[in-house]
Structure formats: C-alpha cells, structure tokens
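Reading the structure
Residue-level listing of the chains:
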Amino acid sequence: MSQPPTSTTALLDTEASTAAETSFFRDIDPFSALVESVIPEILMARGAAAALTIWCAACSSGQEPYSVAIAVTEAFPELVRNGRLRIVATDLASDVERTKAGRFTQQEVSRGLPVRHLLRHFQQDRTEWVVSRQLRQILDVRVLDLTGSWPAIPKCDIVFLRDVLVSFDPGAQRTILERIRGDVLRPFGHLFLGNSERVDNGWVRRTAGRSVFCAEPRP
C-alpha cells in the first residue's frame, strides 16, 4: 500500500493519523449533518418524493452503513416505508460478508451504538446481535476495489468516503475523486470525507458542526 502524501500541496491534508477503525456512529457529527442539513437540502432541491441513494464506499464490517440506515430511518421514516432509500455498501471481499450478515458482538454494539437503537433495530441471538431485516433489506452490499472497476455503481446523492483516501497515492486519490464527481454523484450530491481531509479542483467545501463534506459544484 502506498504511503500517504506529505507535500503541503497534496490533494489531501493528511496531518492527522488515520489508523483503520470502525464503530457505530463514529465521529457522530457526520450523521447529524446528514439528517439535519444534507438530506433536507437534497429533498428540497429534488422534491419531497425523491428517492435517495447513498454509497458507503469502504463499509468494512458494516458499522458505518448500518449507522447511516438507522439515522435516516429514525429521521425520515417515510423514505424507508415507501422504499425510497437505498444504501450501497462496498469493500474488499474479506469485509463484505460480515456486512451482509449484519451480525455483531456485544463488544461491537457497545461501541457508539445508543441502547435505544440497539433495542429497536437489533435482535439478540445468543452472544451476538443481528440487524433487523428491514435495515438489511435497505443495504445493497457488493465487493469493490476503489482502484479497480466500479461495476453498476448507481448514481448517488451522497457518498461516504471517510478516512479512506489517505491510503492511496495522490494519483489514485485524484482519480477516485474525479470518478465520484463525474460518474457517481447526482447534482446537489455530497461527499463526506474525514475531519482531517480536504479536496480542491472545483469541489465546494462545506461544514456542519465539526464535520467536513464537499458538495458537487452546482450545474
């Protein structure tokens, strides 16, 4: 794996350490921004009856896409009730099987998952907790390498790619971002990055709380 860029003119600001870590509702601010700012803005622009597609492009063992599913279900139940929410969750083959299963240990659900969400959206199966069928049906889980082909990734309103790009060299970072902006994001779409990451080259930088996300330039 390539080392992160160190130039001050690099595409991403990588001063902060980005060791691989996953937990439910990690850095809670992105999820607050999602339901308080981003989704309302998209629905206002596209119409209240619009369907939403969200891509978690490095889903690991599933905590992030299920956190997104819970947050949106709680804030916008009509999107789920009317079948207007789709979450595409991708990662390497070694990770996606756990995401598909939606099974987590007691230790995993104890990290960041509020008890009210645990009781409402999970069922206990001996020593594990299983995500509800409703949430699992929202997720479209696929194997995908960000540096390879992106077969059938749909047009998306929102992409989560937090603390991932630092793992790639500057050329790969630029290519991934250009593909997301040019091939994946719809107008008014948003890209969520890590708190220490930034982009340039035409992206519009926006903030909500401590969260940093970048809106696709308006057409």
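Here the structure is shown first, and the text comes after it.
The model shown is predicted, which means the values in this text are computed figures rather than measured ones.

Our focus in this paragraph is the pairing of strand 8 (residues 185-192). Sheet topology places strand 7 (residues 156-160) next to strand 8; four bridges connect them, and they run parallel. Bridged to V159 within strand 8 is L191. In this view, the connection linking strand 7 to its parallel neighbour strand 8 by way of helix 8 (residues 170-184) has right-handed handedness. Bridge count for strand 8 against strand 10 (residues 211-215) is three bridges, and the pairing is antiparallel. Along strand 10, the bridge assignment pairs H190 with A215.

A separate point is the sheet that holds strand 4 (residues 122-125). Strands belonging to one sheet form pairs held by backbone hydrogen bonds; the direction of such a pair is parallel or antiparallel. Spatially, three strands are ordered 3-5-4 in an open sheet, and the strand pairing comes out antiparallel. Whereas interior strands pair on both sides, the edge strands pair on one side only; in this sheet they are strand 3 (103-105) and strand 4. Adjacent strand axes in the sheet meet at a mean angle of 35° when their direction is disregarded. Here strand 4 runs beside strand 5 (residues 128-131); their pairing, made up of four bridges, is antiparallel. Bridge pairing links Q123 to V130 in strand 5.

Moving on to the pattern of salt bridges. According to the stated counting rule, one finds 14 salt bridges in the structure shown. Notably, a salt bridge pairs R86 with D140, separated by 2.8 Å at the nearest N-O pair. Highlighted residues: R86 in strand 2 (residues 85-91) and D140 in strand 6 (residues 139-143), separated in sequence by 54 residues. According to the relative accessible area criterion, R86 is partly exposed, its value standing at 31%. Residue R186 is joined to D157 by a salt bridge in which the shortest nitrogen-to-oxygen separation is 2.8 Å. On the criterion of sequence distance, the pair formed by R186 in strand 8 and D157 in strand 7 is long-range, its members being 29 residues apart. The class for R186 is partly exposed, based on a relative accessible area of 24%. For D157, a relative accessible area of 1% translates into the label buried. Linked through salt bridges whose partners overlap, the residues forming this network are R26, D27, E64, R162 and D163.

What counts as what
Here the residue numbers are simple positions, counted from 1 along each chain's written sequence. Thresholds applied to this predicted model are a pLDDT of at least 70 for local features of residues and 80 or more for the giving and counting of side-chain atom pairs; totals over whole chains, interfaces and linings are not thresholded and use all residues. Side-chain metrics rest on all non-hydrogen atoms present in the structure, leaving aside hydrogens and water. Two strands pair under a simple rule: DSSP has to find at least two bridges between them. Helix and strand labels come from DSSP, where a helix needs a run of H or I of at least four residues and a strand needs a run of E of at least two; each type is numbered from the N terminus. Every crossover in which the path from the first strand over the helix to the second runs clockwise, viewed with the strands pointing away from the viewer, is termed right-handed. Axes here refer to lines fitted to C-alpha atoms; in helices the fit is confined to the stretch in contact. Angles between the N-to-C directions go from 0 to 180 degrees. For salt bridges, the criterion is a side-chain nitrogen of Lys or Arg within 4 Å of an Asp or Glu carboxyl oxygen. The classification of residues rests on relative accessible area computed with a 1.4 Å probe and restricted to protein chains. Under 20% of the type maximum is buried, over 50% is exposed, and intermediate values are partly exposed.

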